[in-house]
Amino acid sequence: MKNHAQAVIIGGGVVGVSVLYHLTKAGWRDVLLIERAELTSGSTWHAAGGMHTVNGDPNVAKLQQYTINLYQELEKVSGQSCGMHITGGIMLAGTQERLDWLKMTQARGRYLGMDLEIVSVDEAAKLFPLMDKKHFKGAMYDPIEGHVDPYGVTHAYAKAAEMGGAEILRRNRVTDLKARTDGSWDVITEHGTVHAEHVVNAGGLWAREVGRMVGLELPILAMEHQYLLTDDMPVLAGLKEQIHCIDFEGELYLRQERGGMLVGTYERAGVPWSQRTTPWDFGQDLLPNDLERIAPSLEIAFEHFPALGTAGIRKVINGPFTFAPDGNPLIGPIGGLKNFWVACGVMAGFSQGGGVGLALAHWMVDGDPGADIWGMDVARYGGWATSAYTNAKVRENYSRRFRIRFPNEELDAARPLRTTAVYDRLAAENAIFGEYCGLEHALWFAPAGVAAKENISFRRSNAHQHVAAECRAVRDAVGLLEISSYGKFEIDGLGTTEWLNRMMANRVPAVGRIALTPMLNERGKLIGDFTMCRLGQNRVFLIGTYAAESYYMRWFERHLPKMGVSVRPCAMEYVGLSVAGPLSRVLLQSLVHDDLSNAAFPFMSFRQIDVGMVPALVGRVSFTGDLGYEIWVTSEYQRALYDLLIAAGRTYGMRLFGGRALNSMRLEKSFGTWAREFRPIYGPYEAGLGRFIELQKGDFIGRTAALEEKQHSAPLRLLAFRVDAADADANGDEPIWHDGKVVGAVTSGGYGHSAQASLALGYVPSELAAADSSFEIEIIGTRHAARRLDAAAFDPHGLRMRS
Ligand SMILES: Cc1cc2nc3c(=O)[nH]c(=O)nc-3n(C[C@H](O)[C@H](O)[C@H](O)COP(=O)(O)OP(=O)(O)OC[C@H]3O[C@@H](n4cnc5c(N)ncnc54)[C@H](O)[C@@H]3O)c2cc1C
């Protein structure tokens, strides 16, 4: 056994071997995979091997496309068959809403170059004759669905990796991991120790155990999953292989297996497996069947596909596989642990394994995943994703696998978990809450006598008129919003300014001032957008996206000098309230001694101010685009501050508003937001953030690439659109059409209540953005005229926020 390797991958399931192969492809030869038993000895060996390109996150969908297209290459390189059957697949809609969902999915796929087709029930029945037409309303056809042989795929990756120089050690368990001071690792195994520069946890069913070796509790849980194989069915005899089929209403998937069918289900009452620890002696084992549990789905299967009712059951497979709380993989480096990587929680290894391996290998070799993998980044979870939280969310996610998630739908599991001090106050005001990083925040408020419940829909919901009233209150008088759910960081030390000037693209503002700033990676792409508030010579309060707190910290830690600067995340220590609207100044002035006049406390000021008895940090800024103030306090003061503002607000007709109204107002100001408009695939000039790039200040991370982007004009351009839509607005990922072709995709959309217009933001090629203003945006299967806005739909000169 060798005693040193550049990288050791722990786990020889489909994910581990894919990482191994992609590392060799990226040029690392000295790589070793250690497998405790034989390859495939986790969830991989009993998988149904199905694969498909459709995913709710277009960036994950792209990696799925990559995975499926990779199998041919793998076969060629390795000489090992992957047992590929590209049959095509059909997704059946049993309700109008599901058909709408399919139309939206098809539309979203257009921008990704996916060849999806909406077909009638008759056409669907021609493609998949086992279905009984009367249960369905329509369907979507995908020509590149199919299945592979899990054993063949895993061994093809393994062989191809070995041909690239990798080694694989079988029947040798990694029992412990010890970090050396230089950031490398001692990988302790049953048969000796290997010193590795990098370690990858691809432990699948045992990824939690491997994580615990380094003090990490990963938010993953295995669920039992059953599928059955029927005896040979006479109706299939002589026919060509049946295509894949998903029946959403039955929560079923089907495909042909030899002369019979394979039928699987994600039942509502799913059961977790090994909730705390995975036994090491579990290997190529199966779990006992529980047909009772899936009986309701099987009954539907017999109704919707009558021939199944007459077929005998040849075999039932019940095996466990792992999920993260949102069902997407967990990949990337772990903050605080040098050279320790994870590639786990992959619930669709045969659709996603290739993309996961590709992204992780790029990340390890080049320092960047090379694609937008935010939806899979392990850093999207923080300490709040405890194992009990994970348990509740994974069960919910499993049971909803084939259900529609409406854009305005909030899910119930694991709630309420995190609440701020004003939660009860807001609840008493009929708040309808949403959940974000486990934290409850108000979406909108139902007026007295109106039920605090939102109807889920693809179209405008019952909340529309109430959100309109909240926006009116802000635009005409003053509104109060809780703003606790932002990420916050306290940065201090003698090196603060110098360090931040290197990390951020904008210049650190003067003491008492605020500056908005993008953060770029070396490739000049957007990896953050922040509000920098300078409190003192060496003290900055940094505000950003809370969901990205660990993502930012991982980057900050990587670039922190040994001494002179400290960065402390303090999101829940500092909570906040914001007052916004033309009367917000008089309201706040009635509670403070400091002069809040425009001359004394102008737009983008930041200062320590006592509000009544409450010591606060106050910023003259508002995401509503109106005159407004953000007031940050340590959490024990939040209730007192709230009560004070509410009491004072009565004189000014103040009204509470929530996240929905805020979104409407930021859209009519064309303000972008992280993970929507700002993502690591866009450059700052593409995103319209050029005015925040301070190229003159000296070097900063991403400067060279940003300069290049500026000089050679960015390929894309973020535009704002006014959309001719009647009762449904864009939401995100809808295609943008021009001249009969799909040229871009929406990043966010909604109704601008003050502008009284349906609005959207989205990227299109720069040459089109400059040349023409007429586009179309496809919403629920219908193309609507969309006119480019040359200035914000509301207060285009920004006079109100500066007044
Ligand atoms: C019944 C069923 C049907 C499925 N159907 C499909 C499907 O149709 N399509 C699809 O895409 N996916 C399907 N899946 C899911 C798929 O199986 C998983 O996505 C995939 O197997 C995950 O692979 P992995 O490599 O992450 O984990 P695993 O397969 O669990 O591999 C982990 C490996 O790590 C090894 N290991 C762990 N700890 C150590 C250690 N300390 N030292 C050494 N080795 C270690 C284990 O022995 C194991 O071999 C199905 C799963 C089940 C159970």
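For the structure itself, look to the data block above.
Notes on the structure in this doc start here. (Residues numbered from 1 in each chain as written. Predicted model: local features only at pLDDT ≥ 70, side-chain atom pairs only at ≥ 80, totals over all residues. Heavy atoms only, no water.)

So, the overall build of the chain
Spelled out, the test is: Think of it this way: any DSSP run of H or I at least four residues long counts as a helix, any run of E at least two long counts as a strand, and we number them from the N terminus. In this treatment the radius of gyration is a C-alpha quantity, and the globule benchmark scales as 2.2 Å times the residue count to the 0.38 power. Residue exposure (1.4 Å probe, protein chains only): buried if accessible area is under 20% of the type maximum, exposed if over 50%, otherwise partly exposed. Only four residue types enter the tally: Lys and Arg on the positive side, Asp and Glu on the negative side; His and the chain ends are excluded. Every charge is mapped to an atom, namely NZ of Lys, CZ of Arg, CG of Asp or CD of Glu.
Within the chain, the regular secondary structure consists of 20 helices and 38 strands. At 27 Å, the chain has a C-alpha radius of gyration in line with the 28 Å of a compact globule built from 803 residues. Its C-alpha atoms put the chain at 80 × 65 × 50 Å along the principal axes. Taking all 803 residues of the chain together, the buried fraction comes to 61%. Both charge centroids of the chain, one from 81 positive and one from 91 negative side chains, sit 3 Å from each other.

Topic: the nonpolar core
Going by this rule: In plain words, nonpolar cores are sets of buried Ala, Val, Leu, Ile, Met, Phe, Trp, Tyr and Cys residues tied together by side-chain atoms within 4.5 Å. Any two residues whose heavy atoms approach within 4.5 Å at even a single point are treated as in contact.
Leu177 and Phe556 are the most contacted members of the largest nonpolar core, which has 81 residues in total. The biggest single contributor to this core is helix 14 (residues 549-559), with five residues. Sequence-distant contacts of Leu177, that is, excluding residues within four places in its chain, are made with Ile10, Trp185, Asp186, Val187, Val199, Val210, Met213, Val214 and Phe340. Core analysis: the second largest hydrophobic core is formed by 45 residues, Ile168, Trp341, Ala343 and Val356 among them.

Details of the site of the ligand
Here is the rule: Definition of nearness: a residue and a molecule or strand are near each other if at least one heavy atom of the residue lies within 4 Å of the molecule or strand. Pairs of N or O atoms within 3.5 Å make up the polar contacts considered here, provided that, within protein, one atom can donate a hydrogen while the other can accept it, and that residues adjacent in sequence are counted only when both atoms are side-chain atoms. Methods summary: accessible areas were calculated by the Shrake-Rupley approach with a probe of 1.4 Å, and residue burial reflects only the protein chains presented. We call Asp, Glu, Lys and Arg charged. Ala, Val, Leu, Ile, Met, Phe, Trp, Tyr, Cys and Pro are nonpolar, and the rest, Gly among them, are polar.
Around the ligand, the structure places 39 residues, and the nearest of them are Glu35, Arg36, Thr44, Gly50 and Val346. With respect to the ligand, the side chain of Arg36 contributes an N or O atom lying 2.7 Å from an oxygen atom. Within the backbone of Ala48, an N or O atom sits 3.0 Å from a nitrogen atom of the ligand. Isolated, the ligand exposes 1000 Å² of accessible area, and the fraction of that covered by the protein chains is 97%. Looking at the shell around the ligand, the elements that each hand over two or more residues are helix 1 (14-25), strand 12 (221-230), strand 17 (313-323) and helix 9 (349-366). Here the shell around the ligand is built from residues that sort into 19 nonpolar, 17 polar and three charged.

A word on the side chain of Arg666
As for its placement among the helices and strands, Arg666 is situated in helix 17 (residues 659-668). With relative accessibility at 3%, the residue Arg666 sits in the buried group. In contact with Arg666, not counting residues within four places along its chain, are Phe623, Phe671, Gly672, Thr673, Glu677, Ser748 and Leu761.

Observations regarding the packing of aromatic side chains
Heads up, the rule is: Note on aromatic contacts: the rings of Phe and Tyr and the six-membered ring of Trp form a pair at centre separations within 6.5 Å, being stacked when their planes are under 30 degrees apart, edge-to-face when over 60 apart, and tilted otherwise. In this scheme, Lys NZ or Arg CZ marks a charge over a ring once it lies within 6 Å of the ring centre and within 35 degrees of the ring normal.
Under the definition given, this model contains 37 aromatic pairs. Ring centres 5.9 Å apart and planes at 90° place the aromatic pair Phe248 and Phe402 in the edge-to-face group. Note that Phe248 is positioned in the loop between strand 13 (244-247) and strand 14 (252-257) and Phe402 in the loop between helix 10 (387-399) and helix 11 (423-428), a separation of 154 residues in sequence. Using a relative accessible area of 7% as the deciding quantity, one classes Phe402 as buried. When the ring of Trp384 is compared with that of Tyr389, the centres are 5.5 Å apart and the planes differ by 90°; the resulting orientation is edge-to-face. Taking the relative accessible area as the measure of exposure, Trp384 reaches 15% and is therefore buried. Residue classification places Tyr389 among the buried positions, given a relative accessible area of 7%. One aromatic cluster is present, formed by Trp101, Phe248, Tyr253, Tyr266, Phe321, Phe323, Tyr398 and Phe402 through successive ring pairs. Directly above the aromatic system of Trp101 lies the positively charged group of Arg98, at a separation of 4.7 Å from the ring centroid. The ring of Tyr266 is capped by Arg401, whose NZ or CZ atom sits 5.2 Å from the centre of that ring.

Points about the sheet that holds strand 35 (residues 741-752)
For the record, the criterion: In short, DSSP must find at least two bridges between two strands for them to pair. Every angle, taken between N-to-C directions, lies between 0 and 180 degrees, and every axis is a line fitted to C-alpha atoms, over only the stretch in contact when it is a helix.
The strand order around the closed barrel formed by six strands is 33-36-35-34-37-38, and the pairing between neighbours is antiparallel. When strand polarity is set aside, the average angle formed by the axes of neighbouring strands in this sheet is 45°. The pairing of strand 33 (residues 716-723) with strand 38 (residues 782-789) spans four bridges and is classified as antiparallel. Directly across from Ala720, in strand 38, lies its bridge partner Leu789. The sheet strands contacting helix 17 are strand 35 and strand 36 (757-765), and the helix crosses strand 35 at an angle near 125°.

Re the sheet that holds strand 29 (residues 606-611)
Across the sheet, six strands lie side by side as 29-30-31-28-22-32; this open sheet has mixed pairing. The open sheet has two edge strands with one neighbour each: strand 29 and strand 32 (655-656). One ladder, built from three bridges, connects strand 30 (residues 614-619) with strand 31 (residues 628-634); its direction is antiparallel. By the bridge assignment for strand 31, Leu617 is matched with Trp632. Strands strand 22 (479-482), strand 28 (574-580), strand 29, strand 30, strand 31 and strand 32 of the sheet are contacted by helix 16 (residues 638-649), whose axis makes an angle of about 10° with strand 28.

Focus on unusual backbone geometry
The omega angle of the peptide bond from Arg415 to Pro416 is -15°, so this bond is cis rather than trans. You can see Pro416 is positioned in the loop between helix 10 and helix 11. Although it is not a glycine, Arg258 adopts a positive phi angle of roughly 50°. Checked against the element boundaries, Arg258 lands in the loop between strand 14 and strand 15 (260-265).

Things to note about the pairing of strand 15
Counting buried residues in strand 15 gives six out of six residues, a clear majority hidden from the surface. Sheet topology places strand 12 next to strand 15; four bridges connect them, and they run antiparallel. Within the sheet, the bridge partner assigned to Leu228 lies in strand 15 and is Val263. Linking strand 14 back to strand 15 in an antiparallel pair, the connection comprises two residues, with Arg258 at a positive phi of about 50°.

Some points on the side chain of Asp626
Relative to the helices and strands, Asp626 resides in the loop between strand 30 and strand 31. A relative accessible area of 2% means that Asp626 is categorised as buried. Discounting chain neighbours no more than four positions away, the residues touching Asp626 are Val474, Arg475, Gly581, Pro582, Phe794, Arg800 and Met801.

A look at the pattern of salt bridges
Once their charged atoms are close, side chains differing in charge can pair, the charge on each being opposite to the other. Note the following rule: Salt bridges are counted wherever a side-chain nitrogen of Lys or Arg sits within 4 Å of a carboxyl oxygen of Asp or Glu.
Tallied over the full model, the rule gives 45 salt bridges. Between Glu38 and Arg170 there is a salt bridge, with its nearest N and O atoms 3.8 Å apart. Taken as a pair, Glu38 in the loop between strand 2 (31-34) and strand 3 (50-51) and Arg170 in the loop between strand 8 (167-169) and strand 9 (174-179) lie far apart in primary sequence, 132 residues in all. Given the relative accessible area of 35%, Glu38 is considered partly exposed. Each of Glu224, Glu267, Asp290 and Arg293 takes part in a single network of salt bridges with overlapping partners.

A few points about the environment of Arg108
Tracing the backbone shows Arg108 in helix 3 (residues 96-111). Of the residues examined, Arg108 reaches a relative accessible area of 27% and is grouped as partly exposed. Expressed as a C-alpha distance, the spacing of Arg108 and Lys741, which sit 633 residues apart in the sequence, is 13 Å. Aside from chain neighbours lying at most four places away, what touches Arg108 is Asn731, Gly732, Asp733, Glu734 and Pro735.

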